[in-house]
Amino acid sequence: MAIPHAVAGQPVDVQPLGAALRSARTTALFKSNDLEVMRIVLLAGKRVPPHAVPGEITIQCLEGSVDVTAGDATDSKTHTLTAGQLLYLAGGVPHGLIGIQDASVLVTIALRR
């Protein structure tokens, strides 16, 4: 069964999951023609492999901490995000994540068609 996405004008709760974090799953909150927003749950030691998306993105740490490595093999930087921090990446920039502590992050992607 598909998880319903939020519709325009509907509030979405993105507060920290707290004690429920370890059993939570990554979810797509909504997707429109131009924008996609998801909550990624990343437990300590787990990874999102390096990849790139055409549109600009933001990664906002809601709880815990994650390392975000961004850039190509010859020029990559790692940024540690903790609760309350946000990282912006231009479209096409390769990036990957690793959970340093159990974490959830809010990812916003501008979709380019």
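As the structure is a computational prediction, the values presented were derived from the model and not from experiment.

S.K.: Which residues make up the nonpolar core, and what values go with them?
M.R.: Ile59, Val66, Leu97 and Val105 are the most contacted members of the largest nonpolar core, which totals 20 residues. Going through the elements one at a time, strand S2 (35–42), strand S4 (57–70), strand S6 (86–89) and strand S7 (95–110) are the ones with two or more residues in this core. Examining the composition of this core, we find that six residues originate from one element, S4, more than from any other. Look past the residues within four positions of isoleucine 59 in its chain and what remains in contact with it is Val68, Leu81, Gln85, Leu86, Leu87, Leu89, His95, Leu97, Val105, Leu106 and Val107.

S.K.: Tell me what's going on with the environment of leucine 97, and back it up with residues and numbers.
M.R.: Along the chain, leucine 97 falls in strand S7. The spacing of leucine 97 and valine 48 is 49 residues in sequence and 5.0 Å in space, taken between C-alpha atoms. When near neighbours in sequence (up to four residues on either side) are disregarded, leucine 97 contacts Leu42, Lys46, Arg47, Val48, Ile59, Val66, Asp67, Val68 and Val105.

S.K.: Residue-level account of the pairing of S2, with values.
M.R.: Where burial is concerned, most of S2 is hidden: seven out of the eight residues are buried. Here strand S1 (residues 27–31) pairs with S2 via four bridges, running antiparallel. In the sheet register, phenylalanine 30 faces S2, and the bridge partner there is valine 37. From the end of S1 to the start of S2, which pair antiparallel, there are three residues.

S.K.: Tell me what's going on with the pattern of salt bridges, and back it up with residues and numbers.
M.R.: Taken as a whole and assessed by the stated rule, the structure comprises two salt bridges. Across the pair arginine 22 and aspartate 102 runs a salt bridge, and its minimum N-O distance is 2.5 Å. Taken as a pair, arginine 22 in the segment before S1 and aspartate 102 in strand S7 lie far apart in primary sequence, 80 residues in all. With a relative accessible area of 57%, arginine 22 lands in the exposed category. Arginine 39 serves as the salt-bridge partner of glutamate 63, at 3.9 Å between the closest nitrogen and oxygen. With glutamate 63 in strand S4 and arginine 39 in strand S2, the pair connects residues that are 24 residues apart, well separated along the chain. Classification of glutamate 63 by relative accessible area gives buried; the value is 9%.

What counts as what
- Residues numbered from 1 in each chain as written.
- Predicted model: local features only at pLDDT ≥ 70, side-chain atom pairs only at ≥ 80, totals over all residues.
- Heavy atoms only, no water.
- Core = buried A, V, L, I, M, F, W, Y, C linked by side-chain atoms within 4.5 Å.
- Buried < 20%, exposed > 50% of the residue type's maximum accessible area, 1.4 Å probe, protein only.
- Helix = DSSP H or I, 4+ residues; strand = E, 2+ residues; numbered from the N terminus.
- Contact = heavy atoms within 4.5 Å.
- Pairing = 2+ DSSP bridges.
- Salt bridge = Lys/Arg side-chain N within 4 Å of Asp/Glu carboxyl O.

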